[in-house]
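What follows is each chain in one-letter form.
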Amino acid sequence: MGRAFDRAIALWRDEGCGPVLVLTGAGISAESGIPTFRGSDGYWTVGSRNYRPMELATLAAFCAMPLEVWRFYLQRIRRHADAVPNAAHLALADLEALLGDRFTLITQNVDGLHLRAGSSEARTWRIHGDLRFVRCADACGFGVAPLPHLPGRLHLDDRSHDEALRELLRCPSCAGWLRPHVLWFDECYDEEHFRFESSLRAARSASLLLVVGTSGATNLPDRIVRTVHARQRPILVVDPEGGAFADLAAEVTGGAHFRATATRGVCEVVDALRAVATLRRP
Ligand code: ZN
(Lines give C-alpha, C1' and ligand atoms only; values in the text may rest on other atoms or scores of the structure.)
Protein backbone atom coordinates (compact mmCIF):
# COMPACT_ATOMS: atom_id res chain seq x y z
CA MET A 1 0.00 0.00 0.00
CA GLY A 2 1.48 3.32 -1.07
CA ARG A 3 1.40 6.64 0.66
CA ALA A 4 -1.69 8.84 0.53
CA PHE A 5 -0.06 11.27 -1.86
CA ASP A 6 1.64 8.86 -4.31
CA ARG A 7 -1.21 8.96 -6.79
CA ALA A 8 -1.07 12.76 -7.01
CA ILE A 9 2.68 12.70 -7.61
CA ALA A 10 2.27 10.09 -10.34
CA LEU A 11 -0.40 12.17 -12.07
CA TRP A 12 1.83 15.22 -11.83
CA ARG A 13 4.69 13.27 -13.41
CA ASP A 14 2.47 11.93 -16.19
CA GLU A 15 1.35 15.46 -17.01
CA GLY A 16 4.97 16.58 -17.41
CA CYS A 17 5.67 18.04 -13.96
CA GLY A 18 3.78 21.28 -14.63
CA PRO A 19 3.24 24.29 -12.34
CA VAL A 20 3.07 23.49 -8.63
CA LEU A 21 1.00 25.84 -6.49
CA VAL A 22 1.46 25.79 -2.71
CA LEU A 23 -0.97 27.44 -0.31
CA THR A 24 0.10 27.81 3.30
CA GLY A 25 -1.62 29.02 6.45
CA ALA A 26 -0.99 29.31 10.16
CA GLY A 27 -0.42 25.56 10.54
CA ILE A 28 2.96 25.75 8.81
CA SER A 29 4.25 28.28 11.34
CA ALA A 30 2.79 26.62 14.43
CA GLU A 31 5.92 24.48 14.82
CA SER A 32 7.97 27.68 14.74
CA GLY A 33 6.07 28.82 17.81
CA ILE A 34 3.75 31.34 16.18
CA PRO A 35 0.19 31.05 17.50
CA THR A 36 -2.76 31.34 15.13
CA PHE A 37 -4.21 34.81 14.94
CA ARG A 38 -7.83 33.94 15.52
CA GLY A 39 -7.46 31.76 18.53
CA SER A 40 -4.71 32.08 20.95
CA ASP A 41 -3.77 35.65 21.70
CA GLY A 42 -6.75 36.17 23.95
CA TYR A 43 -7.99 39.65 24.60
CA TRP A 44 -6.31 43.00 24.21
CA THR A 45 -7.27 45.68 26.68
CA VAL A 46 -7.66 49.33 25.72
CA GLY A 47 -8.69 51.49 28.66
CA SER A 48 -11.51 49.56 30.32
CA ARG A 49 -12.54 47.62 27.22
CA ASN A 50 -11.38 44.21 26.07
CA TYR A 51 -11.00 43.64 22.34
CA ARG A 52 -10.59 40.42 20.44
CA PRO A 53 -7.64 40.43 17.98
CA MET A 54 -10.15 40.25 15.12
CA GLU A 55 -11.80 43.47 16.28
CA LEU A 56 -8.48 45.30 16.33
CA ALA A 57 -7.31 43.99 12.98
CA THR A 58 -9.60 46.34 11.12
CA LEU A 59 -9.26 49.64 9.31
CA ALA A 60 -12.11 50.97 11.45
CA ALA A 61 -10.19 50.26 14.67
CA PHE A 62 -7.02 51.77 13.23
CA CYS A 63 -8.84 54.96 12.19
CA ALA A 64 -10.38 55.26 15.65
CA MET A 65 -7.24 54.47 17.70
CA PRO A 66 -4.12 54.09 15.56
CA LEU A 67 -1.65 54.00 18.42
CA GLU A 68 -3.57 51.26 20.25
CA VAL A 69 -3.76 49.11 17.13
CA TRP A 70 -0.04 49.64 16.59
CA ARG A 71 0.66 48.70 20.20
CA PHE A 72 -1.19 45.43 19.62
CA TYR A 73 0.82 44.65 16.48
CA LEU A 74 4.17 45.69 17.91
CA GLN A 75 3.60 43.44 20.88
CA ARG A 76 2.95 40.50 18.52
CA ILE A 77 6.03 41.37 16.48
CA ARG A 78 8.18 41.46 19.59
CA ARG A 79 6.74 38.22 20.90
CA HIS A 80 7.51 36.46 17.61
CA ALA A 81 10.96 37.95 17.16
CA ASP A 82 12.67 34.70 18.17
CA ALA A 83 10.68 32.47 15.80
CA VAL A 84 12.74 30.83 13.06
CA PRO A 85 11.72 28.98 9.89
CA ASN A 86 11.15 25.25 10.40
CA ALA A 87 11.81 22.25 8.15
CA ALA A 88 8.57 22.77 6.22
CA HIS A 89 9.48 26.36 5.27
CA LEU A 90 12.96 25.18 4.27
CA ALA A 91 11.65 22.28 2.17
CA LEU A 92 9.42 24.63 0.18
CA ALA A 93 12.36 26.95 -0.47
CA ASP A 94 14.29 23.92 -1.77
CA LEU A 95 11.40 22.96 -4.02
CA GLU A 96 11.30 26.46 -5.47
CA ALA A 97 15.04 26.27 -6.17
CA LEU A 98 14.42 23.07 -8.13
CA LEU A 99 11.25 24.06 -10.02
CA GLY A 100 11.93 27.76 -10.64
CA ASP A 101 9.11 29.31 -12.67
CA ARG A 102 6.99 26.19 -12.22
CA PHE A 103 6.59 27.04 -8.54
CA THR A 104 4.36 29.58 -6.80
CA LEU A 105 3.84 29.93 -3.06
CA ILE A 106 0.75 31.70 -1.79
CA THR A 107 0.77 32.29 1.95
CA GLN A 108 -1.80 33.64 4.36
CA ASN A 109 0.89 34.16 6.96
CA VAL A 110 2.24 37.60 7.82
CA ASP A 111 5.23 36.30 9.80
CA GLY A 112 7.79 36.51 6.98
CA LEU A 113 9.13 33.00 7.72
CA HIS A 114 8.92 31.80 4.11
CA LEU A 115 11.21 34.58 2.91
CA ARG A 116 13.56 34.03 5.81
CA ALA A 117 13.73 30.34 4.82
CA GLY A 118 14.97 31.36 1.38
CA SER A 119 11.78 31.49 -0.69
CA SER A 120 12.00 34.31 -3.23
CA GLU A 121 10.06 37.52 -2.89
CA ALA A 122 8.92 37.23 -6.53
CA ARG A 123 7.31 33.80 -6.15
CA THR A 124 6.03 34.14 -2.57
CA TRP A 125 2.74 35.98 -2.65
CA ARG A 126 1.78 37.17 0.80
CA ILE A 127 -1.95 37.58 0.27
CA HIS A 128 -2.56 38.91 3.78
CA GLY A 129 0.54 41.11 3.85
CA ASP A 130 3.71 40.96 5.91
CA LEU A 131 4.10 42.31 9.43
CA ARG A 132 7.71 43.21 8.84
CA PHE A 133 6.59 45.97 6.46
CA VAL A 134 4.61 49.21 6.68
CA ARG A 135 2.98 51.57 4.25
CA CYS A 136 1.37 55.00 4.49
CA ALA A 137 -2.12 54.87 5.98
CA ASP A 138 -3.16 57.71 3.67
CA ALA A 139 -1.69 56.05 0.56
CA CYS A 140 0.28 59.23 -0.14
CA GLY A 141 2.58 57.36 -2.50
CA PHE A 142 5.28 56.49 0.05
CA GLY A 143 5.02 52.81 -0.88
CA VAL A 144 5.83 49.68 1.12
CA ALA A 145 8.88 49.91 3.40
CA PRO A 146 10.43 47.81 6.17
CA LEU A 147 9.02 48.36 9.66
CA PRO A 148 11.19 50.96 11.42
CA HIS A 149 13.42 49.49 14.09
CA LEU A 150 11.72 49.49 17.48
CA PRO A 151 14.36 50.29 20.11
CA GLY A 152 14.32 47.97 23.12
CA ARG A 153 14.10 50.93 25.50
CA LEU A 154 10.62 51.75 24.13
CA HIS A 155 8.09 50.08 26.39
CA LEU A 156 4.77 49.56 24.69
CA ASP A 157 2.79 49.71 27.92
CA ASP A 158 4.48 52.87 29.19
CA ARG A 159 2.32 55.85 28.24
CA SER A 160 5.25 58.24 28.59
CA HIS A 161 6.68 56.57 25.46
CA ASP A 162 3.64 57.39 23.32
CA GLU A 163 5.28 60.44 21.73
CA ALA A 164 8.34 58.45 20.72
CA LEU A 165 6.17 55.67 19.30
CA ARG A 166 4.15 58.17 17.32
CA GLU A 167 7.35 59.65 15.93
CA LEU A 168 8.64 56.23 14.92
CA LEU A 169 5.43 55.48 13.04
CA ARG A 170 5.22 58.75 11.11
CA CYS A 171 5.12 58.55 7.31
CA PRO A 172 8.41 60.09 6.11
CA SER A 173 6.64 61.47 3.07
CA CYS A 174 3.40 63.07 4.33
CA ALA A 175 3.88 62.95 8.15
CA GLY A 176 0.63 61.02 8.58
CA TRP A 177 0.48 57.55 10.14
CA LEU A 178 2.28 54.53 8.84
CA ARG A 179 0.19 51.36 9.10
CA PRO A 180 1.04 47.67 9.23
CA HIS A 181 1.26 46.22 5.72
CA VAL A 182 -1.43 43.63 6.33
CA LEU A 183 -4.91 43.00 5.00
CA TRP A 184 -7.45 43.87 7.66
CA PHE A 185 -10.74 42.05 8.15
CA ASP A 186 -12.77 44.99 6.80
CA GLU A 187 -10.61 45.43 3.70
CA CYS A 188 -10.61 43.80 0.27
CA TYR A 189 -7.92 41.89 -1.56
CA ASP A 190 -6.25 43.72 -4.43
CA GLU A 191 -3.58 42.96 -6.98
CA GLU A 192 -1.16 45.75 -6.09
CA HIS A 193 -0.50 44.70 -2.51
CA PHE A 194 -1.92 41.19 -2.21
CA ARG A 195 -1.69 39.60 -5.69
CA PHE A 196 -5.40 38.85 -5.90
CA GLU A 197 -5.74 38.34 -9.67
CA SER A 198 -2.34 36.67 -9.96
CA SER A 199 -3.37 34.13 -7.32
CA LEU A 200 -6.53 33.19 -9.19
CA ARG A 201 -4.55 32.94 -12.42
CA ALA A 202 -2.06 30.60 -10.74
CA ALA A 203 -4.96 28.44 -9.57
CA ARG A 204 -6.22 28.24 -13.16
CA SER A 205 -2.90 26.93 -14.45
CA ALA A 206 -1.64 24.74 -11.58
CA SER A 207 -0.92 21.08 -12.33
CA LEU A 208 -0.84 20.27 -8.62
CA LEU A 209 -1.96 22.12 -5.51
CA LEU A 210 -0.36 21.51 -2.12
CA VAL A 211 -2.28 22.98 0.82
CA VAL A 212 -0.53 23.19 4.19
CA GLY A 213 -2.00 24.13 7.53
CA THR A 214 -5.04 26.12 6.53
CA SER A 215 -8.69 25.28 6.85
CA GLY A 216 -9.86 28.03 4.55
CA ALA A 217 -11.80 30.53 6.59
CA THR A 218 -11.04 33.38 4.21
CA ASN A 219 -12.27 34.19 0.75
CA LEU A 220 -9.22 34.05 -1.53
CA PRO A 221 -7.74 30.76 -0.27
CA ASP A 222 -11.19 29.24 -0.65
CA ARG A 223 -11.44 30.42 -4.25
CA ILE A 224 -7.96 29.11 -5.03
CA VAL A 225 -8.77 25.60 -3.81
CA ARG A 226 -12.19 25.57 -5.46
CA THR A 227 -10.67 26.69 -8.78
CA VAL A 228 -8.21 23.79 -8.79
CA HIS A 229 -11.00 21.46 -7.65
CA ALA A 230 -13.22 22.56 -10.54
CA ARG A 231 -10.36 21.79 -12.94
CA GLN A 232 -10.01 18.34 -11.37
CA ARG A 233 -6.29 18.67 -10.74
CA PRO A 234 -4.71 16.80 -7.83
CA ILE A 235 -4.98 18.56 -4.46
CA LEU A 236 -2.84 17.43 -1.53
CA VAL A 237 -3.74 18.66 1.92
CA VAL A 238 -1.19 18.39 4.73
CA ASP A 239 -2.96 18.99 8.01
CA PRO A 240 -3.29 17.04 11.26
CA GLU A 241 -7.00 17.92 11.23
CA GLY A 242 -9.70 17.57 8.59
CA GLY A 243 -11.69 20.45 7.14
CA ALA A 244 -13.27 21.87 4.01
CA PHE A 245 -10.04 21.68 2.01
CA ALA A 246 -9.43 18.05 2.94
CA ASP A 247 -13.00 17.27 1.81
CA LEU A 248 -12.42 19.00 -1.54
CA ALA A 249 -9.13 17.15 -2.00
CA ALA A 250 -10.92 13.84 -1.53
CA GLU A 251 -13.22 14.66 -4.45
CA VAL A 252 -10.56 15.04 -7.16
CA THR A 253 -8.62 12.27 -8.86
CA GLY A 254 -5.36 11.75 -7.02
CA GLY A 255 -6.36 14.16 -4.28
CA ALA A 256 -5.50 13.21 -0.73
CA HIS A 257 -5.52 14.39 2.83
CA PHE A 258 -2.19 13.63 4.47
CA ARG A 259 -2.81 13.71 8.21
CA ALA A 260 0.53 14.95 9.41
CA THR A 261 2.19 17.92 11.01
CA ALA A 262 3.53 20.49 8.57
CA THR A 263 7.18 19.60 9.03
CA ARG A 264 6.71 15.89 8.53
CA GLY A 265 4.06 16.14 5.79
CA VAL A 266 5.72 18.85 3.70
CA CYS A 267 9.15 17.22 3.84
CA GLU A 268 7.74 13.88 2.67
CA VAL A 269 5.71 15.41 -0.15
CA VAL A 270 8.59 17.64 -1.28
CA ASP A 271 10.98 14.66 -1.29
CA ALA A 272 8.58 12.75 -3.51
CA LEU A 273 8.10 15.69 -5.89
CA ARG A 274 11.82 16.25 -6.02
CA ALA A 275 12.55 12.62 -6.84
CA VAL A 276 10.15 12.72 -9.79
CA ALA A 277 11.21 16.16 -11.05
CA THR A 278 14.90 15.26 -10.86
CA LEU A 279 14.31 12.07 -12.86
CA ARG A 280 12.66 14.05 -15.60
CA ARG A 281 15.34 16.66 -15.89
CA PRO A 282 17.07 16.74 -19.31
ZN1 ZN B 1 2.27 59.24 3.67
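Structure: see above.
Residues numbered from 1 in each chain as written. Predicted model: local features only at pLDDT ≥ 70, side-chain atom pairs only at ≥ 80, totals over all residues. Heavy atoms only, no water.

K.L.:
Could you give me a rundown of the pairing of strand 1 (residues 20–24), with the residues and numbers involved?
P.N.:
The buried fraction of strand 1 amounts to five of the five residues, a majority that puts the element mostly inside the structure. Across the two faces of strand 1 the burial is the same, with Val 20, Val 22 and Thr 24 and Leu 21 and Leu 23 all buried. Two elements, strand 1 and strand 9 (residues 208–212), share five bridges in a ladder whose sense is parallel. Each bridged residue has a counterpart across the sheet, and for Leu 21 the counterpart in strand 9 is Leu 209. (Buried < 20%, exposed > 50% of the residue type's maximum accessible area, 1.4 Å probe, protein only. Helix = DSSP H or I, 4+ residues; strand = E, 2+ residues; numbered from the N terminus. Pairing = 2+ DSSP bridges.)

K.L.:
Got a sec to walk through unusual backbone geometry? Specific residues and values, please.
P.N.:
At Cys 17, a position not held by glycine, the phi torsion is positive, near 55 degrees. Position of Cys 17 among the secondary structure elements: in the loop between helix 1 (6–14) and strand 1. Positioned with a positive phi, Gln 232 is a non-glycine residue whose angle comes to about 60 degrees. Positionally, Gln 232 belongs in the loop between helix 11 (219–230) and strand 10 (235–238).

K.L.:
So what's going on with the coordination of the zinc ion? Which residues, and what values?
P.N.:
Taken together, Cys 136 (SG), Cys 140 (SG), Cys 171 (SG) and Cys 174 (SG) make up the protein donors of the zinc ion, found 2.2 to 2.3 Å from the metal. Relative to the metal, the four donor atoms surrounding the zinc ion lie at angles of 105 to 113 degrees, and the coordination shape comes out tetrahedral. Mapping the donors of the zinc ion onto the primary sequence yields the spacing C-x3-C-x30-C-x2-C. With Cys 136 in strand 6 (residues 129–136) and Cys 174 in the loop between helix 8 (162–168) and strand 8 (178–182), this residue pair connects regions lying 38 residues apart in the sequence. On the basis of relative accessibility, which here comes to 35%, the residue Cys 174 falls in the partly exposed class. (Donors = N, O, S within 2.8 Å, 3.2 Å for Na, K, Ca; no water. Tetrahedral: all angles 85-135°; square planar, octahedral: opposite > 155°, others 65-115°.)

K.L.:
I'd like to hear about the pattern of salt bridges, residue by residue, with values.
P.N.:
Pairing is possible between side chains that carry opposite charge, provided their charged atoms lie close to one another. All chains considered together, the criterion is met by 20 salt bridges. Note that Arg 159 is salt-bridged to Glu 68, the shortest N-O span being 2.9 Å. Residue Arg 159 is found in the loop between strand 7 (144–146) and helix 8, and its partner Glu 68 is found in helix 5 (residues 66–79); the two are separated by 91 residues along the sequence. Since its relative accessible area comes to 49%, Arg 159 is described here as partly exposed. (Salt bridge = Lys/Arg side-chain N within 4 Å of Asp/Glu carboxyl O.)

K.L.:
How would you sum up the sheet that holds strand 6? Please name residues and give values.
P.N.:
Taken in spatial order, the three strands line up as 7-6-8 in an open sheet, and their pairing is antiparallel. Across the chains shown, the open sheet's two edge strands, defined by having one partner strand only, are strand 7 and strand 8. Taken over all neighbouring pairs, the strand axes of this sheet differ in orientation by 50 degrees on average, direction set aside. Looking at chain direction, strand 6 and strand 8 are connected through four bridges and run antiparallel. (Axes fitted to C-alpha atoms, helices over the stretch in contact; angles between N-to-C directions.)

K.L.:
I'd like to hear about the packing of helix 10 (residues 196–205) against helix 11, residue by residue, with values.
P.N.:
Packing of helix 10 against helix 11 brings their axes to within 8 Å, and their N-to-C directions diverge by 20 degrees. Viewed along their axes, helix 10 and helix 11 adopt a mutual orientation that is roughly parallel. Here the hand of the crossing between helix 10 and helix 11 comes out right-handed. Residues Phe 196, Ser 199, Leu 200, Ala 203 and Arg 204 of helix 10 pack against Leu 220, Arg 223, Ile 224, Thr 227 and Val 228 of helix 11. Counted by class, the contact of helix 10 with helix 11 contains six nonpolar, two polar and two charged residues. (Parallel < 35°, antiparallel > 145°, perpendicular 65-115°, else oblique. Left-handed = near helix turned anticlockwise from the far one by under 90°. Contact = heavy atoms within 4.5 Å. Nonpolar A, V, L, I, M, F, W, Y, C, P; charged D, E, K, R; others polar.)

K.L.:
Please give an account of the packing of aromatic side chains that cites residues and values.
P.N.:
Centre-to-centre distance and the angle between the planes together describe a pair of aromatic rings. Under the counting rule described, the total for this entry stands at five aromatic pairs. On the basis of an interplanar angle of 50 degrees and a centroid distance of 5.2 Å, the ring pair of Phe 5 and Phe 258 is categorised as tilted. Within this pair, whereas Phe 5 is found in the segment before helix 1, its partner Phe 258 is found in strand 11 (residues 256–258), the two being separated by 253 residues in sequence. Each of the two residues, Phe 5 as well as Phe 258, counts as buried. Ring geometry for Phe 62 against Trp 184: centres 5.2 Å apart, planes inclined by 35 degrees, an arrangement best described as tilted. Of this pair, Phe 62 sits in helix 4 (residues 59–64) while Trp 184 is found in the loop between strand 8 and helix 9 (191–194), placing the two residues 122 residues apart along the sequence. Look at Trp 184 and you get buried, because its relative accessible area is 1%. Sitting above the plane of the Trp 177 ring, Arg 166 keeps its charged end 3.8 Å from the centroid. Seen from the ring of Trp 184, Arg 179 lies directly overhead, with NZ or CZ sitting 3.9 Å from the centre. (Phe/Tyr/Trp six-rings, centres within 6.5 Å; stacked < 30°, edge-to-face > 60°. Lys NZ or Arg CZ within 6 Å of the ring centre and 35° of its normal.)

K.L.:
Mind laying out the environment of Ala 8, listing which residues take part and the relevant values?
P.N.:
Along the polypeptide, Ala 8 turns up in helix 1. In this structure, the C-alpha to C-alpha distance between Ala 8 and Leu 279, residues 271 residues apart in sequence, is 16 Å. Setting aside its immediate chain neighbours within four residues, Ala 8 contacts Leu 208, Pro 234, Leu 236 and Gly 254.

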